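Here's the letter readout for the chains.
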Amino acid sequence: MTDPVHAVLLGGSGLVLAGLAAAADAADALSRPEQVAVLVIAALILSGLYLLACTLWPYANCPRCAGSGKSRSPSGKSFRNCPRCKGTGRRERFGRRLLNRGDR
């Protein structure tokens, strides 16, 4: 699919498809245990990056109040503190809770 006719028909995406085909050919060259090893290493790297992000940014916006810390009435005129985040507008991320549990 890397011939000029397909490249013109597909526009810029032809190059992307050609790159994907090359990556698929490279993946076919690996044996099954090597493919599993690559996936495990990629999962470990992504997990490490997520835990690093949880260390740097331990809080995220509360999903119930969208970070405002307020629960509005149906009319929208009055409000009270959000019961989930207790009015802070923030919640501790899952990875941060795992890191805190490991510190004990």
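Predicted model, so just to flag it, every value in this text is computed and none were measured.

Draft legend 1. Quick peek at the packing of helix H3 (residues 32-56) against helix H4 (residues 94-103). For the pair H3 and H4, interaxial distance at closest approach is 8 Å and the crossing angle is 85°. The orientation of H3 relative to H4 falls into the category roughly perpendicular. Contact residues: H3 offers Tyr 50, Leu 51, Cys 54 and Thr 55, while H4 offers Phe 94, Gly 95, Arg 96 and Leu 99. For the contact of H3 with H4, the per-class residue count stands at five nonpolar, two polar and one charged.

Draft legend 2. Layout of a positive patch on the surface. A grouping of Arg 64, Arg 80, Arg 84, Arg 91, Arg 97 and Arg 101 is seen on the molecular surface, where their side chains present a positively charged patch. In this fold, Arg 84 is placed in the loop between strand E3 (79-81) and strand E4 (90-92). You can call Arg 84 partly exposed: its relative accessible area is 46%.

Draft legend 3. Quick look at the side chain of Arg 93. If you trace the backbone, Arg 93 turns up in the loop between E4 and H4. If we ignore the near neighbours within four places in the chain, the residues touching Arg 93 are Tyr 50, Ala 53, Cys 54, Trp 57, Pro 58, Tyr 59 and Ala 60.

What counts, and at which threshold
Residues numbered from 1 in each chain as written. Predicted model: local features only at pLDDT ≥ 70, side-chain atom pairs only at ≥ 80, totals over all residues. Heavy atoms only, no water. Axes fitted to C-alpha atoms, helices over the stretch in contact; angles between N-to-C directions. Helix = DSSP H or I, 4+ residues; strand = E, 2+ residues; numbered from the N terminus. Parallel < 35°, antiparallel > 145°, perpendicular 65-115°, else oblique. Contact = heavy atoms within 4.5 Å. Nonpolar A, V, L, I, M, F, W, Y, C, P; charged D, E, K, R; others polar. Patch = residues over 30% accessible without salt bridge, like charges linked within 9 Å, V, L, I, M, F, W, Y side chains within 5 Å. Areas by Shrake-Rupley, 256 points an atom, 1.4 Å probe, with all protein chains shown as cover. Salt bridge = Lys/Arg side-chain N within 4 Å of Asp/Glu carboxyl O. Lys, Arg positive; Asp, Glu negative; His and termini not counted. Charge placed at Lys NZ, Arg CZ, Asp CG, Glu CD. Buried < 20%, exposed > 50% of the residue type's maximum accessible area, 1.4 Å probe, protein only.

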